[in-house]
Structures are given as C-alpha cells and as structure tokens.
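Chain and residue survey
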Amino acid sequence: MSTSEDLWLCLYFRLLPVEVFCRRDSSPVVILSRRRVSFMNQPARDAGIMQDSSIDSAYTVSDNVASFKRDESKELKRLEHLAQWAYQFTPSVSLAPPQSLLLEVSGCLKLFRGLANLKQAIGDDLKAQGYSVTMGVNKTPQAALCYAAAALGDNTGNVQQSLGNVPVQRLHIEDAIIEKLRQMGINRCQQLFALPIDGLNRRFGISFTDYLARLTGAQRDPRKFVTNEPIFASEITFLTEVSDLNSLIFPIKRLLGELHNFLRGRQLQVDQFTFRLNHRSHATQKLAIRLANPDDDQNMFLMLTKLKLNNIKDIPEIDNISLYAAHFMETNGPSGDLFHGTRFQQKDGRIHSKAEKTRSVKLLNMMTARLGRDACFGLSLANDHRPELAWV
C-alpha cells in the first residue's frame, strides 16, 4: 500500500524535445519524427505550422523555420541535468522519461512553508532557465504523472476519487489498450475502476492491472532516486552557425549563470569546469578552466573564460556550446574572529580580511589562466611527522 504521508510532485516538460535545442528564441523551431512535425515552439505555432505536417509544408508556411530531428538521448541527458538541479529542493528525485521528473516532497513542505511556495520557487527557477513546465501533485507517482500531463493541478486527498473523471487517454498505457477500452465504452477512469480485476487480467494481462494498483496506491511503486553525487552538464544549440568569438560571450554568460545557480542551490563550489565548442563537421575544441581555489563566483568564471578565449587564434564554425563540471566541494562559510572588536581580538598579525583574500585568489586565477597551471605555484600547510620536512 502507498503510505498516506507520501506526496508526489510531477514536473512535466511538454516541450523538452524542442528545448534541448532552443529555449529562448523568437524564431520558429520544429522537431521532426519520420520527417513529420511532432513538436514545435510557440513561434512556429503562431506562424501557422500544424502538428504532424510534413517538413515541406512547414517550410511553405514559414521560410525561416529551423528543424531538428528528435534526439531522445539528448532529451534523457537534459532530464538528468534537471534532476540534479531539482535535488536542491528534495533528495527524492526520480526520472520519469521521456519528459517528466517525479519529486517526493512531503519532507520539504515545512522548509518551503507549504506546497504553493515550493511550486512557485520551482516554477520561477525553471522559467528563468527557459523551460516550459506543467506541474501535477498527487499521492502516488503514477497519479502525479497523470495529473501533470492533464494539467489537473493538485490533489492531496483520496487518489482513486481524484482520478475518477480523468480520461483513460491520460493513463500511461499502450495505445492498443486505450483503443480496446474505447470500444468497450470505457472513457473515464471511474468506469475503468468499476470493472472486476479478474476480467481486466484476462483481457489485458497482469501488467495492466499492476499498473492500476500502483496508480491508485493499492500497491507500492518503488522509485529509483538520483544519487547525491553532483554533476552539471548544460548546452546551447545555435540555430545558425557561429564563427565569431565575441558572439559566444552571451551564451557563455547564460551557461555560467546556470552553473552559478546550480552551485548556490546545492551549496557547492567548483575548482574546474570545461567548455566544449562543437560542430557537426569539425573536431570539438575544449576550454578547460581551472581555479586556484574552489569558488562559485559567476563574474570570476566569466573573466577566466574570456582569458581562455583570447588564446584561441583560429576558430571554425560552431553550432553548439556545452558546459560540464563534475569536481565539486562543499561551501565553507568564512570563519571570523569571535572576539573581533574587543580587547581579546587576535593580535598575531595575520590578514583576516575577506576582500584581501579575494584579491589574492583573483590574481592567482588570472596568472594561472594566462600562464598555465604548471607555471603557478603556492605554499600551503601539510601535516607531516618527519622533522626534516619542518620549516623553522
């Protein structure tokens, strides 16, 4: 049985196949499956392009439409990235491919002062990143998926009653079963739940009745949650090829902004990250940025990236830029002098100014970026019991 305390929030990214290629663009973009339009952004819809039309028809309607073949592997990677982002709200984050995430949120409602505030925080952050999301809340994972796909809102009461008026087309079942149910005159879940289980077993198989049991909470639906090991991976695909380095500054700022928000949300710092400049016809160029000390300063990241870009003399066309980071450290708050401002404050002559430390780290980062990691060294304390290694 599903525990009555469980509460599942589903994030349904209805335009994820489009948004893995384009999130903030005013040009029409369509996604093709077998040369037919399967997904499109709002500008394409406004231009008059129809769902399931051919690519030739789309070009007839709009001559500046950009088309991409659907890439389900890219969608899964983006969903994994979003799952890592969602970990800042709850550790119970589960993938629900191809376009959804499931968050068990009963344990974090008090922290966010209610479900409405939690949804507002998630929605605002996703909107800032350029994602279109529909949320649904229910007391089982499968019911939350249905609620999000049908944009039904929230339910915190009885699961089976909440699903009564949901069309069977919204269930995550095979199209052949939906068609058979339609032929039987079953259009709503309320009608489906009234049928005897034995008859459904004989007609549709045990996997279908198992799904219904997990849907209503009559049977447990264990989920595999993402690990707490953080990984950041995001990318931007250009609708037209880019060959000017200055044109990369704006997308680099966007990616670094996403990394900064990721670090702040997870209370982490990073000491290295890598940009990849990609093109379908050229070899990938990598820009590895290494910091002297772990940090989460977006402006510092941008300055070091610009220094690296200045070292590139010849650049071919680029149609995609990605940012990857996997080496993180927990954020340590500054430890000040407990007795600062009193006669007991430290008098050892050490510098305790955060501004001084920031300036020294910035200088070392700039020197490392210009001269290379092997050209810059520093001194640090290390525990060692051997007296011959001690400095007096």
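Structural data are supplied above this passage.
Residues numbered from 1 in each chain as written. Predicted model: local features only at pLDDT ≥ 70, side-chain atom pairs only at ≥ 80, totals over all residues. Heavy atoms only, no water.

1. Some points on the nonpolar core
L248, L256, L259, F273 and F275 are the most contacted members of the largest nonpolar core, which has 34 residues in total. Listed by contribution, the elements that provide at least two residues to this core are strand 9 (232-242), helix 12 (249-266), strand 10 (268-279), strand 11 (282-295), helix 13 (298-310) and strand 12 (318-325). Sort the elements by how many residues they give to this core and helix 12 lands first, with seven residues. In contact with L248, other than residues within four places in its own chain, are F238, V242, L277, I315 and I318. Formed by 32 residues, the second largest nonpolar core is a distinct cluster that contains V18, F68, L126 and M135. (Core = buried A, V, L, I, M, F, W, Y, C linked by side-chain atoms within 4.5 Å. Buried < 20%, exposed > 50% of the residue type's maximum accessible area, 1.4 Å probe, protein only. Helix = DSSP H or I, 4+ residues; strand = E, 2+ residues; numbered from the N terminus. Contact = heavy atoms within 4.5 Å.)

2. Comments concerning the pattern of salt bridges
If you walk through the whole model with that rule in mind, you get 10 salt bridges. In this structure, E75 engages R70 in a salt bridge whose closest nitrogen and oxygen atoms are separated by 2.9 Å. One salt-bridge network, held together by shared partners, links E241, R280 and D319. (Salt bridge = Lys/Arg side-chain N within 4 Å of Asp/Glu carboxyl O.)

3. Observations regarding the layout of surface pockets
The space that makes up the second largest pocket amounts to roughly 530 Å³. Going through the elements one at a time, helix 4 (72-86), strand 9, strand 10 and strand 12 are the ones with two or more residues in the lining of the second largest pocket. Broken down by element, the lining of the second largest pocket gets its largest block of residues, eight residues, from helix 4. Here the lining of the second largest pocket is built from residues that sort into eight nonpolar, eight polar and seven charged. (1 Å grid on protein atoms, 1.4 Å probe; cavity = no way out; pocket = protein on both sides within 12 Å on 5 of 7 lines; lining within 4 Å. Points joined across faces, edges and corners; volume = space filled by probe spheres on them. Nonpolar A, V, L, I, M, F, W, Y, C, P; charged D, E, K, R; others polar.)

4. Considerations on empty space enclosed by the protein
Applying the stated rule across the entire model yields two cavities of 30 Å³ or more. Lining the largest cavity, in full, are H81, W85, Q129, F232, E258, N261 and F262. The set of elements that each furnish at least two residues to the lining of the largest cavity consists of helix 4 and helix 12. When residues of the lining of the largest cavity are assigned to their parent elements, the largest contribution, three residues, is made by helix 12. Looking at the second largest cavity, its volume works out to about 40 Å³. When contributions to the lining of the second largest cavity are tallied by element, the ones reaching two or more residues are strand 10 and strand 11.

5. Remarks on the side chain of N41
Relative to the helices and strands, N41 resides in the loop between strand 3 (36-40) and helix 2 (42-46). Assessed through its relative accessible area of 8%, N41 is described here as buried. Polar contacts involving the side chain of N41 include one to the main-chain amide nitrogen of V29, which spans 3.0 Å. Every residue in contact with N41, bar those within four places of it in the chain, is listed here: V18, D25, S27, P28 and V29. (Polar contact = N/O pair within 3.5 Å; in protein donor to acceptor, adjacent residues only side chain to side chain.)

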